[in-house]
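One-letter residues, chain by chain:
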Amino acid sequence: MPTQNNSQAPRITAAALHFMRDDNKKFSPLAVITGIILVVGTILTILRFTQGLGAVTNLTNTHPWGMWIGFDLMCGVALAAGGYTTSAACYLFGMKKYHSAVRPAILTAFLGYATVVVSLLYDVGRPDRLILAYPFVVQQGTTSLLFEVGLCVLLYLTVLFLEFTPIPLEWLGLRRARNIAVKLTLALTILGVVLSTLHQSSLGALFLIAPSKLHPLWYSPYIAVFFFVSSIAAGLSMVIFEGSLAHKAFHHRMGTTYLEEHPPLVLGYAKAASLVLFGYFMVKIVGITAGDNWHYLATPYGVWFLVEILGFVALPCFLFAMGSRNKDIGLIKFTAALTITGIVLNRLNISIIAFNWHLPLDERYIPSWMEIALSIYMVTCLILVFRFIATRMPVFDEHPDFKEHHE
Amino acid sequence: MSISRRKFLGWMGTAGLATSLLGKSASAASTKEFTGHPNSYGVLHDITRCVGCRSCEEGCNTVNELPKPAKAYSDKSVLNKKRRFSTTEFTVVNKMVQKGSPIFWKTQCNHCLEPACASVCFVNAFEKLPSGAVVYDASVCVGCRYCMMACPFEVPTYEYDDPYTPEIVKCTLCAPRIEKGLLPGCVESCPTESLIFGKRDDLLKIARARIEKYPDRYVDHIYGEHEMGGTSWLYLSGVPFKDLGLREDLGNTPAPKLTSGALHVVPMVVSLWPVFLAGMYGMAKRRDKIAAEEKLQAVKTAVELAENKAAETLSQAMEKASKEKENILKRVARIKEKAAKTEEGS
């Protein structure tokens, strides 16, 4: 087995290099951009940790949460929801045909959550104390929803790590350890869904404390439900969207099972996403009605809310249904991207755009270019690590030595 | 790899423990009605008496040993711009001109009876002392700044420019001085008794009496009596509070009540979600099993059918064969007979 890996290694490296360079043996524009992002990001990282948050962010005393919470944490966690949705569909709800999508989804979720945690280390004032797990070890603030979010994210990251371990263990040929890890699948999947339900919803519930700061169209006693339901749509869309990206980048690594199962998966996920988005749309309407906030729709914020709710919830709901009915994979992929954009928009609306709406414009927060650059840096690092793993380890294909163990 | 299993079980235990903790605190947040520590202190700020001298700012600066500002406290030009507190100013005086006459008022931490900052802090860094002060313990603070997000009065400030040990900064109601029997720095330096320190209950009585005695001078509202469940700092004003930037749309719900519902759901999800999911798993498994059984049954029936058919065909063939055999034997007998006759004849 190891010999086989060794023989594969040069081929994969060559393929990776081929991906990096174009035919003229010069670095491709993509590689150059990646390089620039990494250099700038590293410089900004040094700046952040030597000069403080004030040197790189536009955060103020009235707007203490910015890009790194609004995008890196809120969107990162929502978009990593493909992990729990896919593993639940496959292992709990009996959709075994989706088995080949589990590994890419778990890997994405694991790396996504790891990136979220790293981003938080940039964002908090005392990252040393976050690493030492002060909220759990030193003093527990159990009335805080952030305590719950923190605990769930920490536990779920561990769960995702354990769910991910069969991939490197197969790669390393550690059969016994791998078999033990695989046996944990069911328990880990249930635990993963429980933890995801809790923290996906609690991320929204973080804002329950600030009814006077968040615009009434986005503030709702149901905000936790909104976050949970929309995370399912986000997870499903991410699996579809990522699958189409991966087809371009990792086609040479994709096994026949993955390639055979992918188109029906896309159709099935589109149908599911359409249904979930319909439910999400309905509960959003319930939210407006319960708060009697209809009159806000005639304001500029109301128009912006309608853009989000009609353009990025109702429309993709319809397009997913149409796509799955007509078996139009292209339309479904487009709709997945639309849904993801909508989720990002929703999270940014809640944490930044519609937050502190009562303040005059000059007191509002606009992220500095450095905050945005560091967010891009995080995403870039995530993609690079994903590529490193997906090009080497059995993610999109089955390891020949372990095929018989799959269901 | 047994380590991972042990670790996993450990985490399960931790999750259970956390659930029970969360459950307890959540119920504590919703069933009890908290109206402040008995005999706790507060300050009544009568805005109609404030002359904008900024002595309170200076007093605060001195007793808290804060860095001296660039402009002297006697310089009143700073009042022309709206100010808010910062990491070096726990309190600020602002000015507004209405109907030709200036109105001055002081703002600082209002020291809520049930503080939002304390309820959202995931390391419990904030504490509402029995004296009334809401104090902060920097030694545990992780710097997540959720307290700043949560505070409806936008009070806590953060040392964004400190790269290594940034802290939350806010008014402490001079809690250490109260303990020694001294007045808060601002109250002590107020020359017009616009600030009165005392038991919150007494201050409410004084405030009500003033409104009753001078109904033309005051609006009929003690700001802080009920806002966000009540604050230790109380205000009287001659103009609507919202004109001064003191928000009147905050509601009277204490901050912890806003999140207690969501916290209540947590133990329910932890308890019932695994049951639901295991049920879904069981149903899917059973569906598969039934499908497999049905498949097996179908195959069995098909095989039986085929076998029966084959047996029938076989028996028919056998019958046919035996009949043919009989016929042949008969023919052979006939032929033999014929042959015998022929032999006789010849």
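Remember, it's a predicted structure, so these values are computed and weren't measured experimentally.

So, on to the overall build of chain A. Each helix and strand counted, chain A has 17 helices and 0 strands in total. For a compact globule of 407 residues, the expected C-alpha radius of gyration is about 22 Å, and chain A comes in at 22 Å, within 12% of that figure. In terms of overall dimensions, chain A has a C-alpha envelope of 65 × 55 × 50 Å along the principal axes. Expressed as a percentage of the 407 residues in chain A, the buried residues total 50%. Sequence-distant contacts, at least 24 apart, represent 80% of the contacts inside chain A between residues at least 6 apart.

Looking only at helices and strands, chain B has 8 helices and 9 strands in total. Taken over the C-alpha trace, chain B has a radius of gyration of 44 Å; the compact-globule value for 346 residues is 20 Å, which it surpasses by more than 25%. Along the three orthogonal principal directions, the C-alpha set of chain B runs to about 165 × 50 × 40 Å. Per-residue burial for chain B yields a buried fraction of 36% across its 346 residues. Taking contacts inside chain B between residues at least 6 apart in sequence as the whole, the part at least 24 apart equals 63%.

Another point: the packing of helix 5 (residues 82-92) of chain A against helix 12 (residues 185-205) of chain A. Helix-helix packing is described using two parameters, namely the angle between the two axes and the distance between the axes. All names here are of chain A. Where helix 5 contacts helix 12, the axes come no closer than 10 Å and their chain directions differ by 135°. Between helix 5 and helix 12, the interaxial angle falls into the category oblique. As for the relative orientation of helix 5 and helix 12, their crossing is left-handed in sense. Side by side, helix 5 and helix 12 meet where Tyr84, Ser87, Ala88, Tyr91 and Leu92 of the first sit next to Thr185, Leu186, Thr189, Gly192, Val193 and Ser196 of the second. Looking at the contact of helix 5 with helix 12, its residues break down into 6 nonpolar, 5 polar and no charged.

In many analyses, interface size is given as the accessible surface area lost on bringing the parts together. Assigned domains of chain B: these are domain 1 (31-253) and domain 2 (259-346). Spacing between the C-alpha centres of domain 1 of chain B and domain 2 of chain B amounts to 87 Å.

Attention now goes to the sheet that holds strand 9 (residues 233-236) of chain B. Residue and element names in this part refer to chain B. Spatially, 8-1-9 is the arrangement adopted by the 3 strands of the open sheet, whose pairing is mixed. Where the open sheet ends on each side, the last strands, each with one partner, are strand 8 (195-199) and strand 9. Strand-to-strand twist in this sheet, taken as the mean axis angle between neighbours without regard to direction, amounts to 25°. As defined by bridge partners, strand 1 (residues 41-46) adjoins strand 8 across 5 bridges and the pair is classed as antiparallel. Of the residues in strand 8, the one forming a bridge with leucine 44 is isoleucine 196. Sitting on the sheet, helix 7 (residues 200-213) touches strand 1, strand 8 and strand 9, and the angle it makes with strand 8 is about 130°.

Below, the discussion takes up the confidence of the model for chain B. It should be kept in mind that the predicted coordinates are not to be read in detail where pLDDT is low. Residues and elements named next belong to chain B. Looking at chain B, the pLDDT average stands at 89 and 90% of residues meet or exceed 70. Confidence drops under pLDDT 50 across residues 1-30; counting only partners more than four residues distant or on other chains, this segment forms 35 contacts. Listed scores for the predicted complex are pTM 0.87 and ipTM 0.88.

In this assembly, 58 residues from chain B lie in contact with 55 residues from chain A. Elements with a minimum of two residues in the side of chain B that touches chain A: helix 1 (2-31), helix 3 (116-120), helix 4 (146-150), strand 6 (157-158) and helix 8 (255-345) of chain B. When residues in the side of chain B that touches chain A are grouped by element, the largest group, 19 residues, is from helix 8 of chain B. For the side of chain B that touches chain A, the per-class residue count stands at 42 nonpolar, 8 polar and 8 charged.

Three- or four-residue spacings in an α-helix give side chains the same orientation, since the helix completes a turn every 3.6 residues. Residue and element names in this part refer to chain B. Its 91 residues place the ends of helix 8 133 Å apart at the C-alpha level, agreeing with the 135 Å of an ideal helix rising 1.5 Å per residue. The largest bend in helix 8 comes to about 35°, at valine 269. Inspection of helix 8 places Ala255, Pro256, Leu258, Thr259, Ser260, Ala262, Leu263, Val266, Val270 and Leu277 among the buried residues, and these make up the whole buried set.

What follows deals with the packing of helix 13 (residues 223-249) of chain A against helix 14 (residues 256-290) of chain A. All names here are of chain A. Look at helix 13 against helix 14: their axes get within 9 Å of each other, and the N-to-C directions meet at 155°. Here helix 14 runs roughly antiparallel to helix 13, going by the angle between their axes. Where helix 13 crosses over helix 14, the two elements pack in a sense that is left-handed. Its residues placed into classes, the contact of helix 13 with helix 14 shows 17 nonpolar, 6 polar and 1 charged.

On to the environment of Thr115(A). All names here are of chain A. Along the chain, threonine 115 falls in helix 6 (residues 99-123). Given 20 C-beta atoms within 10 Å, threonine 115 falls into the buried group. Expressed as a C-alpha distance, the spacing of threonine 115 and methionine 378, which sit 263 residues apart in the sequence, is 6.6 Å. Once residues lying within four places of it in the same chain are set aside, the contact partners of threonine 115 are Gly76, Met378 and Leu382.

Turning our attention to helix 6 of chain A. For helix 6 of chain A, with 25 residues, the first-to-last C-alpha span of 36 Å sits near the 36 Å given by 1.5 Å per residue. Here helix 6 of chain A lies mainly inside the structure; 21 of its 25 residues are buried.

Cys117(B), Cys121(B), Cys147(B) and Ala150(B) are the most contacted members of the largest nonpolar core, which totals 192 residues. Considering every element that reaches this core, the biggest residue donor is helix 13 of chain A, with 16 residues. Summarising the domain contributions, this core has at least three residues from each of domain 1 (31-253) and domain 2 (259-346) of chain B. When near neighbours in sequence (up to four residues on either side) are disregarded, Cys117(B) contacts Phe126(B), Val134(B), Cys147(B), Ala150(B), Cys151(B) and Pro156(B).

Our focus in this paragraph is unusual backbone geometry. Of note, the phi angle at Asp292(A) is positive, near 50°, even though the residue is not glycine. Relative to the elements of secondary structure, Asp292(A) occurs in the loop between helix 14 and helix 15 (300-325). Residue Asp292(A) is classed as exposed on the basis of its C-beta count, with 9 C-beta atoms lying within 10 Å. One non-glycine residue with positive phi stands out, namely Leu173(B), at about 60°. Judged by C-beta crowding, with 28 C-beta atoms within 10 Å, Leu173(B) ranks as buried.

One can find Gly141(A) in the loop between helix 8 (134-137) and helix 9 (145-164). Its 24 C-beta neighbours within 10 Å are what place Gly141(A) among the buried residues. Contact partners of Gly141(A), with chain neighbours within four places excluded, come to Pro135(A), Phe147(A), Cys121(B), Phe122(B), Val123(B) and Asn124(B).

All names here are of chain A. Counting through the fold element by element, phenylalanine 355 comes out in the loop between helix 16 (329-353) and helix 17 (369-392). Looking at phenylalanine 355, the number of C-beta atoms within 10 Å reads 25, which means it is buried. Spatially, the C-alpha atoms of phenylalanine 355 and threonine 143 are 23 Å apart, while their sequence positions differ by 212 residues. In contact with phenylalanine 355, other than residues within four places in its own chain, are Lys213, Leu214 and Ile350.

The next thing to look at is the confidence of the model for chain A. Chain-level pLDDT for chain A is 90 on average; 92% of the residues reach the 70-or-more range. Segment residues 1-7 of chain A: pLDDT under 50, and 3 contacts once partners within four positions in sequence are set aside and those in other chains are kept.

Conventions we followed
Residues numbered from 1 in each chain as written. Chains lettered and ligands numbered in written order. Predicted model: local features only at pLDDT ≥ 70, side-chain atom pairs only at ≥ 80, totals over all residues. Helix = DSSP H or I, 4+ residues; strand = E, 2+ residues; numbered from the N terminus. Rg over C-alpha atoms; globule rule 2.2 N^0.38 Å. Buried ≥ 20, exposed ≤ 12 C-beta atoms within 10 Å, placed from the backbone. Contact = placed C-beta atoms within 7 Å. Axes fitted to C-alpha atoms, helices over the stretch in contact; angles between N-to-C directions. Parallel < 35°, antiparallel > 145°, perpendicular 65-115°, else oblique. Left-handed = near helix turned anticlockwise from the far one by under 90°. Nonpolar A, V, L, I, M, F, W, Y, C, P; charged D, E, K, R; others polar. Domains from an automatic or database assignment. Pairing = 2+ DSSP bridges. pLDDT = per-residue confidence, 0-100. Expected span 1.5 Å × (residues − 1). Bend = angle between axes of the 7 residues up to and from the residue. Core = buried A, V, L, I, M, F, W, Y, C linked by C-beta atoms within 7 Å.

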